[in-house]
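Residues per chain, in single letters:
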Amino acid sequence: MLVEASLAIVVGLIILVWSADRFVDGAAALARYLGMSPLLIGILIIGFGTSMPEMVVSALSALNGSPGIALGNAYGSNITNIALILGLTALIKPLTVHGSVIKKELPILLIVTLLSAYFLFDMRIARLEAIALLALFIGYVAWTIWSSKKQRVTIQANYEEDNSEQHLSFKSALFWLIIGLALLMLSSQLLIWGAVKIAHYLGVSDLVIGLTVVAIGTSLPEVAASIAAARKGEVDLAVGNIIGSNLYNTLAVVGLAGVIMPIQAENAVLSRDMLVMLSLTLALFVLGFIAYKKRGQIGRLSGFLFLSSYIGYTAFLIHTAVITN
């Protein structure tokens, strides 16, 4: 079993890295063919696609009478997206912040996060509040698609210049986008399975495995896609992935679970997880605004600070879990 688990990790990692490259290539090419900016592709397609595991888990949890899992799943993923994924991505390649991100996407993400904190202040997400979150999600997606049409003419005007470097046909771009995403999901599950088996073999508790291996494992699609995008110079795809994924988690994942069954939250969700998520979102907004005003980037120092905050948060979670149990 140990050999099989080790093989699963190695094979899963190889497929994960390879499929992330194909996924990003397909997404970048599709953005040019559709006349959409890479940022919008990152938000609409990559962000949505990599958030599908969280949506499925949350919906099933609510149907099984445990809607509270959706909060931990969604907010934990948001913390991971900013602290771990953006931190790692900025360490690999500093992130250039464009005006549209500062003027539209990041303010929307901050407002949505503040609204979620307000809804959660009474320690529950009522069904009406969940419907409001879903309605905001639908409205945001519709507005984003409408906004992209206004940009399409400008982007397509530059398409001929980009086309000289474009090696994928439209069908190939769509094929690798879908296949790349599917392989990202499958390879991350293979990695999780192998890591859990080895952790059990070494005597690590299920609780600690859940807080570390599974928590990071479910974010592997976002990690792989963002790092591959940064490495290929498609920084907008990486930023769009993080912003889009967080919006989907906060609005769609929590909203869907809350519509199925109202969510009763634990005290720690508001006092710990929501506080950390809100602080990270605010920090991202402030750092992005400073970078935009100074025509700079979210650099490696900021990436290191985000990554350090994730390590500290995870260490605190494990420490608290060990003391409690």
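Our subject is the structure listed above.
Because the structure is a prediction, the values reported are computed rather than measured.

(A) Geometry of a nonpolar patch on the surface. Where nonpolar side chains cluster on the molecular surface, the patch consists of M1, L7, V11, L190 and W193 and spans about 460 Å² of accessible area. Put simply, the parts of the chain that give the nonpolar patch at least two residues each are α1 (2–34) and α7 (170–201). The topology assignment puts V11 in helix α1. On the basis of relative accessible area, V11 is assigned to the partly exposed category, the value being 34%.

(B) Highlighting the environment of Y75. Along the chain, the position of Y75 falls in helix α3 (residues 68–92). Owing to a relative accessible area of 1%, Y75 belongs among the buried residues under this scheme. The spacing of Y75 and Y313 is 238 residues in sequence and 13 Å in space, taken between C-alpha atoms. Those residues in contact with Y75, other than ones at most four positions away along the chain, are S116, L120, V254, V269, M274 and M277.

(C) Fine view of the packing of α3 against helix α10 (residues 235–260). Running from N to C, α3 and α10 point in directions that differ by 175 degrees, and their axes come no closer than 9 Å. The angle between α3 and α10 falls in the class roughly antiparallel. Contacts between α3 and α10 pair A70, L71, A74, Y75, S77, N78, N81, I82, I85, L86 and T89 from the former with A238, I242, S245, N246, N249, T250, V253, V254 and A257 from the latter. Of the residues belonging to the contact of α3 with α10, the class tally is 12 nonpolar, 8 polar and no charged.

(D) Geometry of helix α4 (residues 99–119). Under the 1.5 Å per step criterion, the end-to-end length of α4 is 30 Å for 21 residues, consistent within 8% with the ideal 30 Å. Along α4, the largest kink reaches about 30 degrees and is centred on E105; proline P107 follows within four residues of it.

(E) Summary view of empty space enclosed by the protein. Per the stated rule, a full pass over the model turns up 1 cavity of 30 Å³ or more. As a volume, the largest cavity reaches approximately 70 Å³. Considering the residues around the largest cavity, the lining is formed by L86, V97, V101, L106, V239, I242, I243, L284, G288 and I298. Among the secondary structure elements, those contributing two or more residues to the lining of the largest cavity are α4, α10 and α11 (267–293). With 3 residues, α10 is the single largest residue contributor to the lining of the largest cavity. Within the lining of the largest cavity, the residues separate by chemical class into 9 nonpolar, 1 polar and no charged.

Rules and cut-offs
Residues numbered from 1 in each chain as written. Predicted model: local features only at pLDDT ≥ 70, side-chain atom pairs only at ≥ 80, totals over all residues. Heavy atoms only, no water. Patch = residues over 30% accessible without salt bridge, like charges linked within 9 Å, V, L, I, M, F, W, Y side chains within 5 Å. Areas by Shrake-Rupley, 256 points an atom, 1.4 Å probe, with all protein chains shown as cover. Salt bridge = Lys/Arg side-chain N within 4 Å of Asp/Glu carboxyl O. Helix = DSSP H or I, 4+ residues; strand = E, 2+ residues; numbered from the N terminus. Buried < 20%, exposed > 50% of the residue type's maximum accessible area, 1.4 Å probe, protein only. Contact = heavy atoms within 4.5 Å. Axes fitted to C-alpha atoms, helices over the stretch in contact; angles between N-to-C directions. Parallel < 35°, antiparallel > 145°, perpendicular 65-115°, else oblique. Nonpolar A, V, L, I, M, F, W, Y, C, P; charged D, E, K, R; others polar. Expected span 1.5 Å × (residues − 1). Bend = angle between axes of the 7 residues up to and from the residue. 1 Å grid on protein atoms, 1.4 Å probe; cavity = no way out; pocket = protein on both sides within 12 Å on 5 of 7 lines; lining within 4 Å. Points joined across faces, edges and corners; volume = space filled by probe spheres on them.

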